[in-house]
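Each chain, letter by letter, is given below.
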Amino acid sequence: MTLQGQNIYLRALEPEDLEFVYAIENDESIWEVSNTITPYSRFLIRQYLENAHQDIYEAKQLRLVICKKESAKAIGLIDLFDFDAKNKRAGVGIIIQNETDRNNGYGRQALELVIDYGFRQLQLHQLYANIATENKASLSLFTTFGFVEIGVKKDWNFTNNQFHDEAVFQLIKK
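Let us look at the structure shown here.

Analysis parameters
- Residues numbered from 1 in each chain as written.
- Predicted model: local features only at pLDDT ≥ 70, side-chain atom pairs only at ≥ 80, totals over all residues.
- Heavy atoms only, no water.
- Buried < 20%, exposed > 50% of the residue type's maximum accessible area, 1.4 Å probe, protein only.
- Helix = DSSP H or I, 4+ residues; strand = E, 2+ residues; numbered from the N terminus.
- Pairing = 2+ DSSP bridges.
- Right-handed = clockwise from strand over helix to strand, strands pointing away.
- Salt bridge = Lys/Arg side-chain N within 4 Å of Asp/Glu carboxyl O.

1. Quick look at the pairing of strand S6 (residues 126-132)
Within S6, six of the seven residues are buried, which leaves it mostly tucked inside the rest of the structure. Sheet analysis places strand S5 (residues 89-96) next to S6, joined by three bridges and oriented parallel. When the sheet's bridge partners are listed, Gly91 is paired in S6 with Tyr128. Between S5 and its parallel partner S6, the chain crosses via helix H5 (residues 106-121), and the hand of that crossover is right-handed. Relative to strand S8 (residues 162-172), S6 runs antiparallel, the two sharing seven bridges. The residue of S8 that forms the bridge with Ala132 is Glu166.

Okay, here's the thing in structure tokens:
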């Protein structure tokens, strides 16, 4: 599966993505947004990639690699998670690995493609996102597409020796 944007495309995970996924999952600077607290081994990631062929109905999640069109270089990941076919909803999360690739519109294009895929192909009724209230870039990105804050979980995440709030955003298909 490949979803095409203007400067990026989204593709399914491949076994060759081992080192890329390993680098992202073990980057402590982004553990806060991924709710990760321990490193992942290459062995575990290899097992995960071997099972990545499962469809979203089986796995209840879909992880896609964000690649630049010009170079085919993988720059991030975007996920649909907690897929609930009965209630027609899923969570969405995104990470662009390197600072140099952030704020270039790649995340915006990826999110737009996933929203369209979720609503048109998967026939979802709604998407939601959990975003740290301090994460201004993500707050701006998701609200650009009409995600609305529906609540704040107070003192939800404990990082850097203090508690932080997390907002829940929702986008309902019109």
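2. Brief notes about the pairing of S5
Across the eight residues of S5, six count as buried, placing the element largely inside the fold. Pairing analysis gives seven bridges linking strand S4 (residues 74-84) to S5, with the strands arranged antiparallel. Among the inter-strand pairings, Phe81 is bridged to a residue of S5, identified as Gly91. Here S4 hands over to S5 after four residues, with Lys88 in that stretch at a positive phi of 55°.

3. So, the pattern of salt bridges
For side chains bearing opposite charge, pairing can occur when the charged atoms are close. Per the stated rule, a full pass over the model turns up eleven salt bridges. Across the salt bridge formed by Glu25 and Arg63, the nearest N and O atoms sit 2.8 Å from each other. Of this pair, Glu25 sits in helix H1 (residues 18-25) while Arg63 is found in strand S3 (residues 62-68), placing the two residues 38 residues apart along the sequence. On the basis of relative accessible area, Arg63 is assigned to the buried category, the value being 16%. We note a salt bridge from Asp101 to Lys73, for which the minimum N-O separation is 3.7 Å.

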